[in-house]
Amino acid sequence: MSLREKKEAQTRVRILDAALHVFCDKGIEQADMADIAEIAEIGRATLYRYYENKYDLATQLFLLIANESSEADKIEEVPADFAAWPAYSIIEYSLDSIL
């Protein structure tokens, strides 16, 4: 793994960690990308380079949680209206249960 790839991986981890904290604190709907960027200690432009929006972040967190449960291969494409996705409540529940 090159130095650039390592830095990108570290940034992704910081972003996901920050997103987890913000989602647990505020919930997904009330979360703000600016809060996530601030906690991750990166600029908002950098955050958007990695993730399109907070729902993209929530999906990635859910996939990580699901992967721990060996369920990631069963997840299909997430619809544009993320809150209407049945797994949305599972994500909220999973974030609540982590704390």
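Re the nonpolar core
With 21 residues, the main nonpolar core has Ile15, Phe23, Ile36, Leu47, Tyr51 and Leu57 as its most contacted residues. Looking at this core, the elements with two or more residues in it are α1 (3–26), α2 (33–40), α3 (44–50) and α4 (54–68). Of all the elements, α1 adds the most residues to this core, at eight residues. Apart from residues no more than four positions distant in its own chain, Tyr51 is found in contact with Arg12, Ile15, Leu16, Met33, Asp56, Leu57 and Gln60.

Overview of α1
With 24 residues, α1 extends 34 Å between its outermost C-alpha atoms, agreeing within 8% with the 34 Å of an ideal straight helix rising 1.5 Å per residue. Listing the buried residues of α1 in full gives Thr11, Ile15, Leu16, Ala18, Ala19, Leu20, Val22, Phe23 and Cys24. Just past α1, the residue Gly27 takes up positive phi, approximately 90°.

Brief notes about α2
Within α2 the residues assigned to the buried category are Met33, Ile36, Ala37 and Ala40. Taken around the axis of α2, the buried residues stretch over an arc of 100°, which confines them to a single face. With a side-chain oxygen lying 2.9 Å from the backbone nitrogen of Ala34, the N-terminal cap of α2 falls on Asp32. Once α2 finishes, Glu41 follows within two positions and takes phi at roughly 60°, a positive value.

Overview of the side chain of Lys54
Topologically, Lys54 is positioned in helix α4. Despite its burial, Lys54 remains without a salt bridge, the nearest opposite charge being carried by Glu29 at 4.8 Å. At 3.2 Å, the side chain of Lys54 forms a polar contact with the backbone oxygen of Ile28. A polar atom in the side chain of Lys54 sits 3.2 Å from the backbone oxygen of Ala31. Leaving out residues up to four positions away in the same chain, Lys54 has contacts with Phe23, Ile28, Glu29, Gln30, Ala31 and Met33.

Thoughts on the pattern of salt bridges
For the coordinates displayed, the defined rule picks out two salt bridges. Here Arg4 makes a salt bridge to Glu8, at a shortest N to O gap of 3.4 Å. Separated by four residues within a single helix, Arg4 and Glu8 lie in helix α1, roughly one turn from each other. Looking at Glu8, the relative accessible area reads 31%, which means it is partly exposed. Between Asp35 and Lys26 there is a salt bridge, with its nearest N and O atoms 2.3 Å apart.

About the cut-offs
Residues numbered from 1 in each chain as written. Predicted model: local features only at pLDDT ≥ 70, side-chain atom pairs only at ≥ 80, totals over all residues. Heavy atoms only, no water. Core = buried A, V, L, I, M, F, W, Y, C linked by side-chain atoms within 4.5 Å. Buried < 20%, exposed > 50% of the residue type's maximum accessible area, 1.4 Å probe, protein only. Helix = DSSP H or I, 4+ residues; strand = E, 2+ residues; numbered from the N terminus. Contact = heavy atoms within 4.5 Å. Expected span 1.5 Å × (residues − 1). Arc of directions from axis to C-beta. Polar contact = N/O pair within 3.5 Å; in protein donor to acceptor, adjacent residues only side chain to side chain. Lys, Arg positive; Asp, Glu negative; His and termini not counted. Salt bridge = Lys/Arg side-chain N within 4 Å of Asp/Glu carboxyl O.

In short, geometric facts, not functional conclusions.
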